[in-house]
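# A closer look at the structure
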Amino acid sequence: MPQLSDFRGVWMLSRRIVPANGPEGRFTGQAVFTPEGAGLRYHEAGQLVLAGAAPLQAERAYLWQAEGAQIVVRFADGRAFHRFDPEAPAAAHWCDPDDYRVRYDFALWPDWSAEWRVTGPRKDYVMISRYSRA
């Protein structure tokens, strides 16, 4: 199973956003993990395509840190997001009133994926992100 330092570098990223009702969205771009303090800064950038809309440039950032056997993921401003153990890579985040649940898959490392299931009063989708070394 990967350790935090194994993520360092550039990754090709493809993402499907599959709503319970409605057309799929797609994101293609890169994710880059760079050293920052005792951890890594995650930054992704690419093109988001949603049905019926012009393509958009999209990006987001997180901070990844090791804490014992776990990897702690924080929002770019340092607020807690979620944590997971690469040996049992699942986590949840409650953002009232929405529930976010993730399952990471490292079985084909260095290719890996993250599948988010998001539910709430106005949200109901699955987001599948696939990463491979650039």
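Residues numbered from 1 in each chain as written. Predicted model: local features only at pLDDT ≥ 70, side-chain atom pairs only at ≥ 80, totals over all residues. Heavy atoms only, no water.

### Focus on the packing of aromatic side chains
Let me state the cut-off plainly: Pairing of aromatic rings covers Phe, Tyr and the six-membered ring of Trp, with a centre-to-centre limit of 6.5 Å; geometry is then stacked below 30 degrees between planes, edge-to-face above 60, and tilted otherwise. We count a stretch as a helix when DSSP gives it H or I for four or more residues in a row; a strand needs E for two or more, and each element gets its number in order from the N terminus. Three exposure classes are used, based on accessible area relative to the maximum for each residue type with a 1.4 Å probe and protein chains only: buried under 20%, partly exposed in between, and exposed over 50%. Charge-over-ring contacts are defined here by two conditions on Lys NZ or Arg CZ: a distance within 6 Å of the ring centre and an angle within 35 degrees of the ring normal.
Enumeration according to the criterion identifies 27 aromatic pairs in this entry. Here the aromatic rings of Y42 and Y62 are separated by 5.9 Å at their centres, their planes lie at 40°, and the arrangement is tilted. Of the two residues, Y42 sits in strand β3 (residues 39-49) while Y62 sits in strand β4 (residues 56-67), which places them 20 residues apart along the sequence. When its relative accessible area of 12% is taken as the criterion, Y62 is described as buried. Between the aromatic rings of F84 and F106, the centroid separation amounts to 6.2 Å while the plane-to-plane angle is 25°, which identifies the pairing as stacked. Of this pair, F84 sits in strand β6 (residues 80-84) while F106 sits in the loop between β8 (98-105) and β9 (112-119); the two residues are 22 residues apart in sequence, bridging distant segments of the chain. The exposure classification of F84 matches that of F106, with both residues buried. Residue placement shows R15 over the ring face of F27; its charged tip is 5.1 Å from the ring centre. Across the ring face of F75, the terminal group of R79 is positioned such that the distance to the ring centre comes to 4.5 Å.

### Overview of unusual backbone geometry
Keep in mind that most residues, glycine aside, have a negative phi and that most peptide bonds are trans. Of the consecutive residues D96 and P97, the connecting peptide bond is found in the cis state with omega at 10°. Mapped onto the fold, P97 is located in the loop between β7 (90-95) and β8. Note that the residue after W109, namely P110, is joined by a cis bond; omega there is 15°. Within the fold, P110 resides in the loop between β8 and β9.

### Quick word on the pairing of strand β1 (residues 9-19)
Keep this limit in mind: Two strands are said to pair when DSSP picks up at least two bridges between them.
Where β1 and strand β2 (residues 25-36) come together, 9 bridges link them in antiparallel fashion. Residue pairing in the sheet places R16 in a bridge with R26 of β2. Where β1 folds back onto β2 in an antiparallel hairpin, the turn is made up of 5 residues, including G22, whose phi is positive at roughly 120°. Note that β1 and strand β10 (residues 124-133) share 9 bridges and pair antiparallel. Note that in β10 the partner of L13 across the bridge is Y131.

### Examining the sheet that holds strand β5 (residues 70-75)
The condition is simple: Every axis in this analysis is a line fitted to C-alpha atoms, fitted for helices over the stretch in contact. Angles between the N-to-C directions lie between 0 and 180 degrees.
Within the open sheet, the 10 strands sit side by side as β6-β5-β4-β3-β2-β1-β10-β9-β8-β7. Their pairing is antiparallel. At either end of the open sheet lies a strand with only one pairing partner, and these are β6 and β7. Averaged over all adjacent pairs, the angle separating strand axes in this sheet is 25°, with direction ignored. As paired strands, β9 and β10 are joined by 8 bridges and run antiparallel to one another. What sits directly across from W112, in β10, is Y131.

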